[in-house]
Amino acid sequence: MGTPGIDACSCVPLYVEAYFGDLKLGSATAFLWLRRDLKLSLVTNWHVAAGRNHETGKCIDPMATVPDHLHVHVPLCERAKPPLIVRVPTIDDEGEAMWIEHPDHHRSVDVVALDIDLPPPGQVDTMPMNAIRTVAIKQRVGMPIFILGYPFGRTGIGMPVWKQASFASEPFLAPDRDHRFLIVDTASRPGMSGSPVIQRVHGTVEFEGNRHGRIEGGDGACSFVGVYSGRFHTDDPNDAQLGRVWPARLIEEIIAHRVRLGDR
């Protein structure tokens, strides 16, 4: 899909709400990934689907209620119309998780993939993240990135907010050589958990391998960085406003694991 004058990446994020029955527990962001088996996965944070802190396992809701499904707000091609609400179960009738987490690191990587069924293209205005053409833009500490999500909920015609951030740790060291996550410098707000994180460059582009190029038109050069999972929580009102991004390779490993599992 795509609308002239609208960046294609703005069609990637989806607003989601976590529910237990009819009780809304919170809101977040997610995005689609087109798998090799030509089915779609919905990618968001483990803590969004599970309703628990991914490090401690503690319930996020003060009443210790956890979600049993997500409401995914899927925009129609006529975005001025109300979105299609798609119900995505997070647990089955026995209370077992229906999400796929990382095959090796499990919940310590705060990312999951859930199966989702959508109407065919032409009815909804969606864009899987991996359907965006990406290039190997140079990644160095201090360089700008964008977090695409819904800090204010779904407003207007449902376009996400592009929140600028920057690499605050060495990208080269994640996910194998230091922390599994990247540290980013950003003053994000609740609702952006599960957001795709990208580099978007216009004009002259510096690629990895000391190569340069130039983007003359269109949306510019794009590189998928990973999935945002919120700020580090501290009791200090003057905290450094740092957050986590789980690198793209971890998402690819989760999706590959889902494909290996086949139909469940």
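I will try to describe carefully the structure that is included in this document.

Conventions and cut-offs
- Residues numbered from 1 in each chain as written.
- Predicted model: local features only at pLDDT ≥ 70, side-chain atom pairs only at ≥ 80, totals over all residues.
- Heavy atoms only, no water.
- Salt bridge = Lys/Arg side-chain N within 4 Å of Asp/Glu carboxyl O.
- Helix = DSSP H or I, 4+ residues; strand = E, 2+ residues; numbered from the N terminus.
- Buried < 20%, exposed > 50% of the residue type's maximum accessible area, 1.4 Å probe, protein only.
- Core = buried A, V, L, I, M, F, W, Y, C linked by side-chain atoms within 4.5 Å.
- Contact = heavy atoms within 4.5 Å.

## Thoughts on the pattern of salt bridges
Okay, step 1: In this structure the tally under the stated criterion is 12 salt bridges.
Okay, step 2: Each of Arg 35, Asp 37, Asp 115 and Arg 258 takes part in a single network of salt bridges with overlapping partners.

## A short note on unusual backbone geometry
Okay, step 1: Between Ala 174 and Pro 175 the backbone carries a cis peptide bond, its omega angle lying at 5 degrees.
Okay, step 2: One can find Pro 175 in the loop between strand S8 (161–167) and strand S9 (182–185).
Okay, step 3: Phi is positive for Leu 38, which is not a glycine, with a value near 70 degrees.
Okay, step 4: Looking at where Leu 38 falls in the secondary structure, it is placed in the loop between strand S2 (23–34) and strand S3 (40–44).
Okay, step 5: On the basis of relative accessibility, which here comes to 70%, the residue Leu 38 falls in the exposed class.
Okay, step 6: Here Asn 210, not a glycine, exhibits a phi torsion of approximately 60 degrees, which is positive.
Okay, step 7: In this structure Asn 210 comes out as exposed when scored by relative accessible area, which is 67%.

## A closer look at the nonpolar core
Okay, step 1: If you look at the biggest cluster of nonpolar residues, it comprises 28 residues, and the most contacted ones within it are Phe 31, Trp 33, Val 43, Val 111, Met 129 and Ile 132.
Okay, step 2: Elements that contribute at least two residues to this core include exactly S2, strand S7 (144–149), strand S13 (221–231) and helix H2 (248–261).
Okay, step 3: Take this core: its biggest share by element is 5 residues, from H2.
Okay, step 4: The contact partners of Trp 33, leaving out residues within four places of it in the chain, are Lys 39, Leu 40, Ser 41, Val 43, Pro 128, Met 129, Asn 130, Phe 224, Ile 251, Glu 252 and Ile 255.
Okay, step 5: Counting 23 residues, the second-largest nonpolar core is a separate cluster that includes Ala 28, Leu 40, Leu 42 and Ile 116.

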